[in-house]
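Chains, contacts and geometry: an overview
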Amino acid sequence: MHFFGTSLICSRSRTSDMASCRQLWRALKRTLGLGRRQLSVGEHQVVLVTGCDSGLGHSLAVYCHQALNMTVISCCHNLQSQGAQLLQQLNTENGARQQRMLTWQLDLLKPESIEQLQTKLQQLLHNSNYQLMALVNNAGVMCFGEFEWQLPSQIELQINCNLLGTMRLTRQLLPLLRQHRGRIINVTSHCGLHALPALAPYAASKAALRGWTDALRIELQQYDMEVVNFIPGSFVMDSNIAARQQQHAQQMLEAFSEEQLSYYGTYFTKFNEYLSMLSGFKAPNKLRDNELLSKFKDALTNTQPAAIYIHEPWRYRIYRWLFGICPTPLTDWLVVRFCAMPTYESTRR
């Protein structure tokens, strides 16, 4: 009995050692880039992109459809939005013989919407010769305002949509992704690398998304699945992520106490006047940043994608380098300079 127990322990130890060696070999191969190549994609490869009403999501859906000739499931919050309508029209352009742009409704705040999407996707994959290649978690919301100003509902909206909604969707689709060896591309933000003032809840959601992405990448490696953190730079001026900013500001103002109104009044007004250019829904436009699209293609089609892709202008790159080498007091000053927004001190002069 003692001999049998010892043999079992040794057998388990050898199995564990072999698994560890395989993991080490896989890590070394990736480090050295051995076997790194681009996968061929076409109409049988399916990519699901969230947040396609406007901005980056809309542009990525168009790129995957037109440049990569993939079948795209473009998830929109409102199927009557201009962005959703434009995506649907792609199926009729140039006498298209096959519908490769599938525009589906998705509300990340509603579990039933996620469940309905999972059912439709399962049916699509079951009844056709499709391969689910990737889930691109892009949808998100943003609200500017100091933390004291933001209402609990505004804080919860950003956490629920940017983080928890993304988690719910990914968890719901993981069995299908695992069966197809699909990959997950999470679109995060520079705010996830370094928090910015007036974006505390948004930064918290993106930092949490970054940490979750790292853990998920390590978990899914053993199933030959890839998880990528994709940081595309600022799209706030080209998307509707902050389209309701003035509505949010009005709600904050109405919730102010008399003391807060007296203390923040002038600063709050100047702050939101500065942000007025963000409000209002913008027409979706096609992204023309070839460098960003090239990085996205590599994240989507490389057999060994990088763990993180960062696309940024030189200004972002220089500031991010300075943030990494400066002591905290200087970094805090640099962050304020980087944001270039009105401050309490600047409006009191």
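This structure is a prediction, so every number in the text was calculated from the model and none was measured.

Side note on the overall build of the protein chain
Assigned secondary structure in the protein chain consists of 12 helices and seven strands. Reported as C-alpha extents along the three principal axes, the dimensions of the protein chain are approximately 80 × 60 × 40 Å. A total of 349 residues make up the protein chain; the buried ones form 46% of that total. For the protein chain, restricting intrachain contacts to residue pairs at least 6 apart in sequence, the fraction spanning at least 24 positions comes to 77%. Side chains of the protein chain give 33 positive and 25 negative charges; the mean places of these two sets differ by 11 Å.

Quick notes on the layout of surface pockets
Taken as a whole, the second largest pocket encloses approximately 570 Å³ of empty space. Along the walls of the second largest pocket sit 23 residues, with Arg26, Arg30, Asp224, Glu226 and Thr303 positioned nearest its centre. Contributing elements (two or more residues each) for the lining of the second largest pocket: helix 1 (2-32), strand 4 (131-137) and helix 6 (200-221). Here the lining of the second largest pocket takes five residues from helix 1, the largest share from any one element. For the lining of the second largest pocket, the class distribution of residues is six nonpolar, eight polar and nine charged.

Looking at the nonpolar core
The biggest cluster of nonpolar side chains holds 31 residues, and the ones touching the most others in it are Val47, Cys64, Leu87, Val136, Ile185, Phe296 and Leu300. Those elements that provide at least two residues to this core are strand 1 (45-49), helix 2 (55-66), strand 2 (71-76), helix 3 (82-89), strand 4, strand 5 (183-187), strand 6 (227-231) and helix 9 (290-301). Counting residues per element, this core draws most heavily on helix 2, which supplies six residues. Not counting residues within four places of it along the chain, the set of residues in contact with leucine 300 comprises Val47, Cys64, Leu68, Met70, Met133, Ala134, Arg183 and Ile185. With 30 residues, the next largest nonpolar core counts Leu102, Ile114, Leu124 and Val227 among its residues.

Some remarks on the packing of helix 2 against helix 3
Orientation of helix 2 relative to helix 3, taken along the N-to-C sense of each, is 0°, at an axis distance of 11 Å. Between helix 2 and helix 3, the interaxial angle falls into the category roughly parallel. Contacts between helix 2 and helix 3 involve His58, Ala61 and Val62 from the former and Gly83, Leu86 and Leu87 from the latter. Residues belonging to the contact of helix 2 with helix 3 are distributed by class as follows: four nonpolar, two polar and no charged.

Re a nonpolar patch on the surface
There is a patch of nonpolar side chains on the surface, built from Leu24, Trp25, Leu28, Leu32 and Leu34 and spanning about 530 Å² of accessible area. Following the sequence through the fold, tryptophan 25 ends up in helix 1.

What to know about helix 7 (residues 245-255)
Within the span of helix 7, buried status applies to Gln245, His248, Ala249 and Met252. Taken end-on, helix 7 shows its buried residues confined to a sector of 100°, consistent with a single buried face. Taken together, the buried residues of helix 7 touch helix 5 (152-179) and helix 8 (258-274).

Some words on the side chain of threonine 103
With respect to the helices, strands and loops of the structure, threonine 103 is situated in strand 3 (residues 101-105). Within the structure, threonine 103 has its side chain in polar contact with the side chain of serine 74 (distance 3.1 Å).

Looking at the sheet that holds strand 5
Read from one edge to the other, the open sheet built from seven strands follows the order 3-2-1-4-5-6-7, with strand pairing classed as parallel. Each edge of the open sheet is held by one strand with a lone partner, namely strand 3 and strand 7 (308-310). On average, adjacent strands in this sheet sit at an angle of 20° to one another, irrespective of strand direction. In this structure, strand 2 lies alongside strand 3, joined through five bridges in parallel fashion. In the sheet register, cysteine 75 faces strand 3, and the bridge partner there is tryptophan 104. Packing of helix 3 onto the sheet brings it into contact with strand 2 and strand 3, and relative to strand 3 it is tilted by some 150°.

Scoring rules and cut-offs
- Residues numbered from 1 in each chain as written.
- Predicted model: local features only at pLDDT ≥ 70, side-chain atom pairs only at ≥ 80, totals over all residues.
- Heavy atoms only, no water.
- Helix = DSSP H or I, 4+ residues; strand = E, 2+ residues; numbered from the N terminus.
- Buried < 20%, exposed > 50% of the residue type's maximum accessible area, 1.4 Å probe, protein only.
- Contact = heavy atoms within 4.5 Å.
- Lys, Arg positive; Asp, Glu negative; His and termini not counted.
- Charge placed at Lys NZ, Arg CZ, Asp CG, Glu CD.
- 1 Å grid on protein atoms, 1.4 Å probe; cavity = no way out; pocket = protein on both sides within 12 Å on 5 of 7 lines; lining within 4 Å.
- Points joined across faces, edges and corners; volume = space filled by probe spheres on them.
- Nonpolar A, V, L, I, M, F, W, Y, C, P; charged D, E, K, R; others polar.
- Core = buried A, V, L, I, M, F, W, Y, C linked by side-chain atoms within 4.5 Å.
- Axes fitted to C-alpha atoms, helices over the stretch in contact; angles between N-to-C directions.
- Parallel < 35°, antiparallel > 145°, perpendicular 65-115°, else oblique.
- Patch = residues over 30% accessible without salt bridge, like charges linked within 9 Å, V, L, I, M, F, W, Y side chains within 5 Å.
- Areas by Shrake-Rupley, 256 points an atom, 1.4 Å probe, with all protein chains shown as cover.
- Salt bridge = Lys/Arg side-chain N within 4 Å of Asp/Glu carboxyl O.
- Arc of directions from axis to C-beta.
- Polar contact = N/O pair within 3.5 Å; in protein donor to acceptor, adjacent residues only side chain to side chain.
- Pairing = 2+ DSSP bridges.

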